[in-house]
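# A structural walkthrough
Below are the chains, spelled out letter by letter.
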Amino acid sequence: MPQTVVTLSTHGQGLYEFTDKATEFVRTAAPGGEGLLTVFVRHTSCSLLIQENADPDVKTDLKAFFSRLVPPSSDPSMRWIVHTMEGPDDMPAHIKAALMQVSIGIPVMHGRLVLGTWQGIYLFEHRDRPHRREIVLHLSS
């Protein structure tokens, strides 16, 4: 079963689309085939999601929503947080990742990802500083 690791460089909180990398992997690993692509991120302070990739306002609004849902530990409402050694964004990043997915399954039909017209695959970076994130793509048939 083919697999690969995709590395994404992030530059702060936000959504980073990598649909093209997953599409290319499936195209070369299963030309014309059927199966399931498993996408897994190897980190505890970011997550994965499938979301609209047509209007950039969607990314802006999602980032704003999660910032309101889980503010940094420096926010007075988050005084209860104990884990602060790695900065005010670290524990909130872990909480966001716990609320979201770190693994996604996407069907493959006729050698193509079965995504909707406006769907894209994203890494959601929850930390403020840049990171190099590893995403494992595994194709099973």
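The following refers to the structure shown. Residue numbering note: each chain is counted from 1, following its sequence as written. It should be noted that, the model being predicted, local features are given only for residues of pLDDT at least 70 and side-chain atom pairs only at 80 or more, the latter also being counted only at that level, while totals for whole chains, interfaces and linings use all residues. Calculated side-chain values reflect all of the structure's heavy atoms, with hydrogen atoms and water omitted.

## Some thoughts on the nonpolar core
Take the buried residues of types Ala, Val, Leu, Ile, Met, Phe, Trp, Tyr and Cys, join any two whose side-chain atoms come within 4.5 Å, and each joined set is a nonpolar core. We call a residue buried when its accessible area falls under 20% of the maximum for its residue type, exposed when it is over 50%, and partly exposed in between, using a 1.4 Å probe and counting protein chains only. Phe18, Leu37, Val39, Leu113, Leu123, Ile135 and Leu137 are the most contacted members of the largest nonpolar core, which totals 22 residues. Secondary structure is summarised from DSSP: a helix means a run of H or I of at least four residues, a strand means a run of E of at least two, and numbering begins at the N terminus for each. Going through the elements one at a time, strand E1 (3-10), helix H1 (19-29), strand E3 (35-41), strand E4 (46-52), strand E5 (103-109), strand E7 (119-125) and strand E8 (131-140) are the ones with two or more residues in this core. If sequence neighbours within four positions are ignored, Ile135 has contacts with Thr4, Val5, Val6, Leu8, Phe18, Val39, Phe40, Val41 and Leu123. Core analysis: the next-biggest nonpolar cluster, separate from the first, contains 8 residues, Leu49, Val58, Leu62 and Tyr122 among them. Here, residues are in contact when the closest pair of their heavy atoms is within 4.5 Å.

## Structural notes on the packing of aromatic side chains
Any two of the Phe, Tyr and Trp rings considered here, Trp counted by its six-membered ring, make a pair once their centres fall within 6.5 Å; the pair's planes then place it as stacked at under 30 degrees, edge-to-face at over 60, or tilted in between. Applying the stated rule across the entire model yields 2 aromatic pairs. On the basis of an interplanar angle of 85 degrees and a centroid distance of 5.2 Å, the ring pair of Phe65 and Phe66 is categorised as edge-to-face. Among the residues examined, Phe66 registers a relative accessible area of 12% and is labelled buried. A centroid spacing of 5.5 Å and a plane angle of 85 degrees characterise the contact between Phe66 and Phe124, whose relative ring orientation is edge-to-face. Linking Phe66 in helix H2 (residues 56-69) with Phe124 in strand E7, this pair joins segments that are 58 residues apart in sequence.

## What to know about the side chain of Arg127
The residue Arg127 is located in the loop between E7 and E8 in this model. Engagement of the side chain of Arg127 in a polar contact is seen with the backbone oxygen of Glu86, the distance being 3.0 Å. Discounting chain neighbours no more than four positions away, the residues touching Arg127 are Gly12, Gln13, Ser45, Glu86, Asp89, Asp90, Ala93 and Arg133. Polar contact criterion, stated in full: a pair of N or O atoms within 3.5 Å, where within protein one must be able to donate a hydrogen and the other to accept it, and residues adjacent in sequence count only if both atoms are side-chain atoms.

## Here's the deal with the environment of Thr10
Positionally, Thr10 belongs in strand E1. Note on Thr10: relative accessible area 4%, which makes it buried. When the C-alpha atoms of Thr10 and Ile50 are compared, they prove to be 18 Å apart, with 40 residues separating the residues in sequence. Sequence-distant contacts of Thr10, defined by excluding residues within four places in its chain, comprise Tyr16, Leu123, Glu125, Arg129, Pro130, His131 and Arg133. At a separation of 2.9 Å, a polar atom in the side chain of Thr10 contacts the side chain of Glu125.

## Remarks on the sheet that holds strand E2 (residues 14-17)
DSSP bridges decide pairing: two strands pair if at least two such bridges lie between them. The strand order across the open sheet built from 3 strands is E2-E7-E4, with neighbouring strands paired in antiparallel fashion. Of all the strands in the sheet, just E2 and E4 have a single pairing partner and so form its edges. Here the strands of the sheet are splayed against their neighbours by 35 degrees on average, with no regard to which way each runs. Here an angle of 0 to 180 degrees is reported between the N-to-C directions of two axes, which are lines fitted to C-alpha atoms, with helices fitted over the stretch in contact.

## Points about the environment of Gln119
Mapping Gln119 onto the fold places it in strand E7. The class for Gln119 is partly exposed, based on a relative accessible area of 36%. Expressed as a C-alpha distance, the spacing of Gln119 and Leu69, which sit 50 residues apart in the sequence, is 24 Å. If we skip the residues at most four places from it in the chain, Gln119 touches Ile50, Gln51 and Asn53. Within the structure, Gln119 has its side chain in polar contact with the backbone nitrogen of Gly116 (distance 2.7 Å).

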